[in-house]
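So the chains spell out like this:
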Amino acid sequence: MQREQWGSKLGFILAAAGSAIGLGNIWKFPYIAGENGGASFIFVYLICIAIIGLPVLIAEILLGRTTHRNPVGAFKALSKSKLWIGVGGMGVVSGFLILSFYAVIAGWSLGYIFEAIAGNFTIFNTGVLAAEHFNTLVSNLPWIIGYFTLFMLLTMLFVYLGIQKGIERGSKIMMPILFVLLIVLMIRGITLEGSEEGIAFLLHPDWSKINAQAILVALGHAFFTLSLGMGAMLTYGSYMSKNDNIPSAALQIIILDTVIALIAGVAIFTSVFAVGLDPSAGPGLIFHTIPAAFAKMPGGYFFSIIFFILLSIAALTSAISLLEVVVAYFVDELGWDRKIAVIILGFVVFLLGLPSALSFNVLADYTIFGKNFFDIVDFLASNILLPLGGLLISIFVGYIWGFDKVLVNLKEGSQNLFDNYPYIILTWKFFLKYLSPILIFIVLLHSLGILDIIF
Ligand code: PFF
């Protein structure tokens, strides 16, 4: 059967931006920026995105577009070595793992839409009350498993319908809605009395907080937020046409991802400060502090519904890309039918996610090194497998594939860029070959705790 392609370049960009823009942008970025020095952290983060994010993103899309394969097939097409094929396999495993816990959190977001509609947040006047409500919900097995299941079914539906009819069409509808909802929330936030303090918190630089730890957090986040290191962008790139300009598409994806993270930060912190809540709630910011902030502001009932719809859409378009990596492998390499693959693999991810969902209730006390099952899978995938995958992908494209072949393939669709700005390619080569591998290696050592032992 003929392999599908995106119907248009815009379709690819929206789908890839949909993968990138997710819980990482709306849940994680605001709180890590808040904890690590606001504007100074954002400055460091932008540098990380430019010197690692962009070069690795281009490399991943290029691997996909050249081979028209999933991560395993892509390495198989370019190398005989089992090691490199194994790197593709690691991407598929990461897809399973990340989706299994990502869908649990996304399920909370889905459940919170209905909590907001039922008016259950309007009674909170402190973050503590909202946190208690959150704890009651996640201890309720039918609630947590029910919404996790619903979210998985939604994700499966889009992947089941295929590239153009499912993922592309879904992204073309959902991404514009996401942009509009976020702008509405930002306007609500900045028009609240006292919102300046929130903007100052996010945008006022505090250079004293920029230390090695903050830089490593920024580097690690650059990876997760751009969906790099596990072949999601490679797989999306594999449905791209040879006429499309990869560097320009990659730049657009990065700009969208960054702008959305910044707007989300502004929307969240203006609201939190205007109603006098604690901005440093860390990971609890979204599910504890935000409902309480909405409860206290004019129109909060309406805006809380918008907020959780926004968060759910962002999570859904990312989850779709995670499932697509896994499905593409079984379809391309093992010859499975797409629809059957989606049903079977979606169910496997569901089973794998159950212990993560139970980590917040019945399995909460089962920990290893203080981490429950959810924390372990999250740590293994986000902090180890993604950077390791990214490191090996940059080494493969920088050294193993053969740089003249890399350039020939990259030039397709972007000849003008090469002719007019040859130094851009030289810079990319330098970043990919030298800077990215070294910096990613340091992040990996940090994740494994090896840096702490040395210093
Ligand atoms: N980029 C997504 C986010 O920021 O939430 C998470 C993600 C999606 C990571 C897809 C990796 C991936 F392959």
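Read on for an overview of the structure.

Rules behind the numbers
Position labels on residues start from 1 in each chain and follow its written sequence. The predicted nature of this model means local features are confined to residues of pLDDT at least 70 and side-chain atom pairs, given and counted, to a pLDDT of 80 or more, with totals for whole chains, interfaces and linings taken over all residues. With hydrogens and water set aside, each side-chain value is computed from the structure's full complement of heavy atoms. Numbering of helices and strands runs from the N terminus; a helix is a DSSP stretch of H or I covering at least four residues, while a strand is a stretch of E covering at least two. Radius of gyration here is computed from C-alpha atoms only, and the compact-globule reference equals 2.2 Å multiplied by the residue count raised to the power 0.38. Only protein chains enter the accessibility calculation, which uses a 1.4 Å probe; a residue is then buried when its area is under 20% of its type maximum, exposed when over 50%, and partly exposed in between. Contact criterion: two residues are considered in contact whenever any of their non-hydrogen atoms come within 4.5 Å of each other. Grouping buried Ala, Val, Leu, Ile, Met, Phe, Trp, Tyr and Cys residues that are joined through side-chain atoms within 4.5 Å yields what is termed a nonpolar core. Salt bridges are identified by distance alone: a Lys or Arg side-chain nitrogen within 4 Å of an Asp or Glu carboxyl oxygen. We call a residue near a molecule or strand as soon as one heavy atom of that residue lies within 4 Å of the molecule or strand. Here a polar contact is recorded for every N or O atom pair within 3.5 Å, except that within protein the pair must consist of a potential hydrogen donor and a potential acceptor, and residues adjacent in sequence are included only if both atoms are side-chain atoms. Accessible areas in this description were obtained via Shrake-Rupley with a 1.4 Å probe; residue shielding takes into account the shown protein chains only. Neither His nor the chain termini are counted; the positive set is Lys and Arg, and the negative set is Asp and Glu. Geometry is summarised by axes, namely lines fitted to C-alpha atoms with helices restricted to the contacting stretch, and by angles between N-to-C directions that run from 0 to 180 degrees. Any angle between 65 and 115 degrees counts as roughly perpendicular, while under 35 counts as roughly parallel, over 145 as roughly antiparallel, and the rest as oblique. Polar here means any residue other than Ala, Val, Leu, Ile, Met, Phe, Trp, Tyr, Cys and Pro, which are nonpolar, and Asp, Glu, Lys and Arg, which are charged; Gly is therefore polar. In a helix, the anticipated span is given by 1.5 Å times the number of residues less one.

Section: the overall build of the protein
The helix and strand tally for the protein stands at 20 helices and zero strands. Here the C-alpha atoms of the protein give a radius of gyration of 21 Å, agreeing with the 23 Å that 2.2 N^0.38 yields for 455 residues. Once the C-alpha set of the protein is aligned to its principal axes, its extents read approximately 60 × 50 × 45 Å. Looking at the protein as a whole, 59% of its 455 residues qualify as buried. Pairs at least 24 apart in sequence give 83% of the contacts found in the protein among residues at least 6 apart.

Thoughts on the nonpolar core
Phe12, Phe307, Phe308 and Trp428 are the most contacted members of the largest nonpolar core, which has 170 residues in total. In this structure, Trp428 is in contact with Pro55, Ile58, Ala59, Leu62, Val397, Phe403, Val406 and Leu410, ignoring residues within four places of it in sequence.

Thoughts on the pattern of salt bridges
When the charged atoms of two side chains with opposite charge come close together, those side chains can pair. Applying the stated rule across the entire model yields four salt bridges. Across the pair Lys172 and Glu168 runs a salt bridge, and its minimum N-O distance is 3.7 Å. One end of the pair is Lys172 and the other is Glu168, both in helix H8 (residues 163–190) and four residues apart, which spans about a single turn. Exposure remark for Lys172: the relative accessible area of 35% places this residue in the partly exposed category.

Observations regarding the site of the ligand
Around the ligand sit 15 residues in total, of which Ala20, Gly24, Tyr102, Phe224 and Met230 are the nearest. Contact between the ligand and Thr225: a nitrogen atom at 3.1 Å from a main-chain N or O atom of the residue. Contact with the protein chains covers 100% of the free accessible surface of the ligand, which is 340 Å². Listed by contribution, the elements that provide at least two residues to the shell around the ligand are helix H1 (9–20), helix H2 (23–35), helix H10 (212–225) and helix H14 (300–334).

Some details on unusual backbone geometry
Backbone geometry at His68 places phi at a positive 50°, although glycine is not the residue there. When you line up the elements, His68 lands in the loop between helix H3 (39–67) and helix H4 (71–78).

Observations concerning the environment of Leu157
Considering the arrangement of structural elements, one finds Leu157 in helix H7 (residues 141–160). Put simply, Leu157 and Lys339 are 182 residues apart on the chain and 9.5 Å apart in space, counted from C-alpha to C-alpha.

Considerations on the side chain of Glu115
By the element assignment, Glu115 lies in helix H5 (residues 82–117). For the buried Glu115, no salt bridge is present, and the opposite-charge side chain at shortest range is Lys296, 19 Å distant. Residues in contact with Glu115, not counting those within four places in the same chain, are Asn120, Phe121, His133, Leu137 and Trp143.

Some details on the packing of H10 against helix H19 (residues 422–447)
Across the interface, H10 lies against H19 with an axial gap of 10 Å and an inter-helix angle of 110°. With respect to H19, the element H10 is oriented roughly perpendicular. In this structure, H10 uses Gln213, Leu216, Leu219, Gly220 and Phe223 to contact H19, whose residues at the interface are Leu439, Ile440, Ile442, Val443 and His446. Class assignment of the residues belonging to the contact of H10 with H19 gives a composition of seven nonpolar, three polar and no charged.

Quick word on the side chain of Thr155
Along the chain, the position of Thr155 falls in helix H7. With residues up to four places along the chain from it excluded, the contact list for Thr155 reads Leu316, Ala319, Ile320 and Leu323.

Some thoughts on H1
Spanning twelve residues, H1 covers 16 Å between terminal C-alpha atoms, matching the ideal 16 Å at 1.5 Å per step. By the criterion of burial, H1 is predominantly enclosed, with ten of the twelve residues buried. Listed in full, the buried residues belonging to H1 are Gly11, Phe12, Ile13, Leu14, Ala15, Ala16, Ala17, Gly18, Ser19 and Ala20.

A look at the environment of Arg3
Among the structural elements, Arg3 can be located in the segment before H1. Relative accessible area serves as the criterion here: at 21%, Arg3 is assigned to the partly exposed category. On a C-alpha basis, the gap between Arg3 and Asp206 in space is 51 Å, while along the polypeptide they are 203 residues apart. Engagement of the side chain of Arg3 in a polar contact is seen with the side chain of Ser238, the distance being 3.0 Å.

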